[in-house]
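Each chain is listed here by its residues.
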Amino acid sequence: MADGLRTLLVGMGRAGLGLHLPVLRRLRAGADTARLFAAAPVLAADPQRSWPPAADLRRVTPAEAARLLDPADCVVHLCTPPTARAAVLDGLGRLGFRRILVEKPLATDARGLDDLLAVRDRHGLDLVVVAQWLGSRLTDRLRTVLATGAYGPLRTVHVVQRKPRFSRSLAADGHPTAFDIELPHSLGLCLALAGPGEVTGAGGTDMVVDGRVLPRLGSAWLKVEHRSGVWTRIRSDMTSPVRERRVTLELAGGTLIGHYPGSEADSYAQLITIDRDGETTELLHDDSLTAFVRRAYRYFAAGGGGPHPDLAVNTEVVRLLDRAKAAARPAAPVRAAAR
């Protein structure tokens, strides 16, 4: 541990190669974070994909990784699709790996979640879910404002998540419905801000692209009634021509509108506050994934031990989304246009 933690990336698709690896490179080069990492290449495992060779990246199998390093001093980034995580996690546990960063969502249904948690208990794994909205600067600001009570009690939360996601949906990347893509972020946020709740309504649409119908991958929406009395509505559209990640908090004495960064291409969020005195805008540097991974490595370097403070929220997200999917009656079959 004195020489820093090793890293194993499992799954080199969009999340592993496109998101986690760039973040790791920034942190490994940072003056204040480099000490968290061992001065050795990142190991990467994915038999289904190839990637450009690099001096700081070495291709291995998980079994080879376990022979090359001490699994007890390694953080595994589990970036495989959420539909088949338990078996992969079990294999890692059998090899001695214990510190696991798991991409959201933990699972796509309650049964898969129970299987995954059983694997965690069997091997004594310390799981941290990659849910960076819970630790973003914008979320921190929203929590702070709510805690002050400056605008009175929270009444409603509205979230809109929009982006075009046709190519990845056509590629069948392991996310079976629109509920499994953006909603794990926003539902976790709403539970963190408004407390536990129950799904009171849900629905969704299919995606139609290039003459094909992709069931339940177009859009998803749900409503939550929180025990605190707050109401939440979330809508996510994967067929939008524009990107937007917006949360609106309506309070008794004002409105907070938060805009999260639309993608990894930019790392600034905005908070608009509207009250009786007018409207103000605050710009926040919010590279939330980098900040999240930094905190996770510091947690593991300090000994970890689990359960991680955010694990309960992330497990509840899966259970609520499972209920939402069950409540979302399929719309009338969509027929692709004749070509």
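Rules behind the numbers
- Residues numbered from 1 in each chain as written.
- Predicted model: local features only at pLDDT ≥ 70, side-chain atom pairs only at ≥ 80, totals over all residues.
- Heavy atoms only, no water.
- Pairing = 2+ DSSP bridges.
- Helix = DSSP H or I, 4+ residues; strand = E, 2+ residues; numbered from the N terminus.
- Axes fitted to C-alpha atoms, helices over the stretch in contact; angles between N-to-C directions.
- Parallel < 35°, antiparallel > 145°, perpendicular 65-115°, else oblique.
- Left-handed = near helix turned anticlockwise from the far one by under 90°.
- Contact = heavy atoms within 4.5 Å.
- Nonpolar A, V, L, I, M, F, W, Y, C, P; charged D, E, K, R; others polar.

### Things to note about the sheet that holds strand 3 (residues 57-59)
Link 1 in the chain: Overall, parallel pairing links the six strands, which are arranged 3-2-1-4-5-6 in an open sheet. Both edges of this open sheet fall to strand 3 and strand 6 (126-130), since each of them pairs with a single strand only. Averaged over neighbouring strand pairs, the angle between their axes works out to 25 degrees when direction is ignored.
Link 2 in the chain: Looking at chain direction, strand 1 (residues 6-10) and strand 4 (residues 74-78) are connected through five bridges and run parallel. Paired with Arg6 across the two strands is Cys74, which belongs to strand 4.

### What to know about the packing of helix 1 (residues 14-29) against helix 8 (residues 288-301)
For any two helices packed against each other, the geometry is given by the interaxial angle and the distance between the axes.
Link 1 in the chain: For the pair helix 1 and helix 8, the least separation of the axes is 10 Å and the interaxial angle reads 65 degrees. Judged by the inter-axis angle, helix 1 sits roughly perpendicular to helix 8. Read as a crossing pair, helix 1 and helix 8 show a hand that is right-handed. On helix 8, the residues that touch Leu19, Val23, Leu24, Arg26 and Leu27 of helix 1 are Leu289, Thr290, Val293, Arg294 and Tyr297.
Link 2 in the chain: When its residues are assigned to classes, the contact of helix 1 with helix 8 shows seven nonpolar, one polar and two charged.

### Side note on unusual backbone geometry
Backbone phi values are negative for most residues with the exception of glycine, while trans is the configuration of most peptide bonds.
Link 1 in the chain: Of note, the bond from Lys104 into Pro105 is cis; its omega dihedral lies within 30 degrees of zero at -15 degrees.
Link 2 in the chain: Position of Pro105 relative to the elements: it lies in the loop between strand 5 (99-103) and helix 4 (110-123).
Link 3 in the chain: Even without being glycine, Asp210 reaches a positive phi, approximately 50 degrees.
Link 4 in the chain: Position of Asp210 among the secondary structure elements: in the loop between strand 8 (197-209) and strand 9 (212-226).

### Looking at the sheet that holds strand 12 (residues 254-259)
Link 1 in the chain: Taken in spatial order, the eight strands make up an open sheet running 8-9-10-7-11-12-13-14, and their pairing is mixed. This sheet does not close on itself; its edge strands, each paired only once, are strand 8 and strand 14 (278-285). Taking each pair of neighbouring strands and ignoring which way they run, the sheet shows an average axis angle of 15 degrees.
Link 2 in the chain: With seven bridges joining them, strand 7 (residues 154-164) and strand 10 (residues 231-237) adopt parallel strand pairing. Residue Thr156 lies in a different strand from strand 10, and its bridge partner there is Trp231.
Link 3 in the chain: Helix 7 (residues 183-194) rests against strand 7, strand 8, strand 9, strand 10 and strand 11 (239-251) of the sheet, and its axis sits at about 165 degrees to strand 7.

Purely geometric stuff here, so don't read any function into it on its own.
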